[in-house]
Amino acid sequence: MSGVLAGFTVIFVVIAIGYALGRTRVLGEHGEFVLSRLVFFVATPALLFDTLAKSDLSVIFSPTLAVASATAFAVGIAYFVLTRTVIRRPVPEATIGALAASYVNSANLGIPIAVFVLGDASFVAPLLLFQIVVYSPIALTMLDLTTGSRGGSWIETVTTPFKNPIVLAGVAGLAVSISGWTPPTALTEPFRLVGGASVPGALLAFGISLYGVRVLQRGVAPRREIALASVLKMLVQPVLAYLMGRFLLGLEGHDLFAVVVISTLPTAQNVFVYASRYGRGVVLARDTALVTTLVAIPAIGLVAALLA
């Protein structure tokens, strides 16, 4: 449990610093906007390339990958279908909500939790790969196609995913890993250096966004969608992970504990960055990330008490 508290303490401290920056306006009136774009276009692509280029594919392609991908798709699709058919939200907002309900905080919270609680950071590597190489490209492509200009040619539709910096960086990093080539330090060090700004940058931007707003504010926050995304993320996804791991893959002991803990991680701040980039579902992404982060502390503690 101490590992859980340590991981979350890091997150809340950096978010609090971001809030202080917003309150004092140190970064100016458009600080959040500029910082979010810096994270989206520069820091996150650098981090993804550096991480995947150095990854061990034998560790990545494990049962954790199957559980992470299946449960994320199931929960994301469930949210998307419900909000499109019942609540009747536009595709961009439904896409952001689907990410908020299923996109796990695998980097800035997943890595500390994996180290302190699971004892091995490699447990989050499969999840990181899936979200970078598969899940993000699908969601970002949908956002590109539904928030851009209408009437584009089929060539533009096909090439849209390959114009996104996050997708390009993920594919490039995976290609380097598969090739077995080890780039010289002079080439990889700039990516590592710039990529180091991704996690704190996303948290700082998230903290800045909290100043001057009320979380779950009536008339502003889409409370039904936030509640739906939070329940799917913190209850349904971990339960699906347990059922799939235990009864479909036959996992037991620490391996089963690991896949359930990973699925109980809260919504990633990356979803807020994506929402800010496209200007759709920003409040939904922000409030869901905050609610699930608060709920995750007792939730992961409960999982540890039941399965550890």
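Residues numbered from 1 in each chain as written. Predicted model: local features only at pLDDT ≥ 70, side-chain atom pairs only at ≥ 80, totals over all residues. Heavy atoms only, no water.

Chemist: Which residues make up the overall build of the protein, and what are the values?
Modeler: Along its length, the protein carries 15 helices and zero strands. A buried classification covers 50% of the 308 residues belonging to the protein. For the protein, contacts bridging at least 24 residues in sequence account for 85% of all contacts bridging at least 6. (Helix = DSSP H or I, 4+ residues; strand = E, 2+ residues; numbered from the N terminus. Buried < 20%, exposed > 50% of the residue type's maximum accessible area, 1.4 Å probe, protein only. Contact = heavy atoms within 4.5 Å.)

Chemist: Before we move on, can you summarise the nonpolar core with the specific residues and values?
Modeler: Membership of the largest hydrophobic core comes to 51 residues, with the highest contact counts inside it found for Leu140 and Tyr274. For this core, the element with the highest residue contribution is helix 7 (residues 125–147), accounting for eight residues. Beyond its immediate sequence surroundings of up to four residues, Tyr274 is in contact with Phe40, Ile96, Leu99, Tyr103, Ser136, Leu140 and Ile166. Counting residues in each nonpolar core, the second largest holds 27 residues, with Ile113, Leu118, Val124 and Val259 among its members. (Core = buried A, V, L, I, M, F, W, Y, C linked by side-chain atoms within 4.5 Å.)

Chemist: Talk me through unusual backbone geometry; I want residue IDs and the actual numbers.
Modeler: In this structure, Arg25 takes a positive phi of about 55° despite not being glycine. As for its position among the elements, Arg25 is in the loop between helix 1 (2–24) and helix 2 (31–53). For Arg25, a relative accessible area of 53% puts it in the exposed group. One non-glycine residue with positive phi stands out, namely Arg88, at about 60°. Within the secondary structure, Arg88 sits in the loop between helix 4 (63–87) and helix 5 (91–102).

Chemist: Please give an account of the side chain of Ser209 that cites residues and values.
Modeler: Structurally, Ser209 can be placed in helix 11 (residues 198–210). Classification of Ser209 by relative accessible area gives buried; the value is 7%. A polar side-chain atom of Ser209 sits 2.5 Å from the main-chain carbonyl oxygen of Phe206. Setting aside its immediate chain neighbours within four residues, Ser209 contacts Glu32, Phe272 and Arg286. (Polar contact = N/O pair within 3.5 Å; in protein donor to acceptor, adjacent residues only side chain to side chain.)

Chemist: I'd love a proper account of a nonpolar patch on the surface, names of residues and values included.
Modeler: There is a patch of nonpolar side chains on the surface, built from Val231, Leu235, Val239, Leu240, Tyr242, Leu243 and Phe247 and spanning about 620 Å² of accessible area. Counting through the fold element by element, Tyr242 comes out in helix 12 (residues 223–248). (Patch = residues over 30% accessible without salt bridge, like charges linked within 9 Å, V, L, I, M, F, W, Y side chains within 5 Å. Areas by Shrake-Rupley, 256 points an atom, 1.4 Å probe, with all protein chains shown as cover. Salt bridge = Lys/Arg side-chain N within 4 Å of Asp/Glu carboxyl O.)

Chemist: Give me the environment of Phe80: which residues, what numbers.
Modeler: Summarising the element assignment, Phe80 is placed in helix 4. Since its relative accessible area comes to 22%, Phe80 is described here as partly exposed. As a C-alpha pair, Phe80 and Thr95 span 15 residues in sequence and 6.5 Å in three-dimensional space. In this view, Phe80 contacts Val91, Ala94, Thr95, Ala98 and Met142; residues no more than four positions away in its chain are not counted.

Chemist: Give a detailed account of the side chain of Thr71, specifying residues and quantitative values.
Modeler: Of note, Thr71 is situated in helix 4. Residue Thr71 is classed as buried on the basis of its relative accessible area of 2%. Of note is the side chain of Thr71, whose polar atom sits 3.3 Å from the backbone oxygen of Ala68. Residues within four places of Thr71 in sequence aside, it is in contact with Gln237, Leu240, Ala241 and Ser263.

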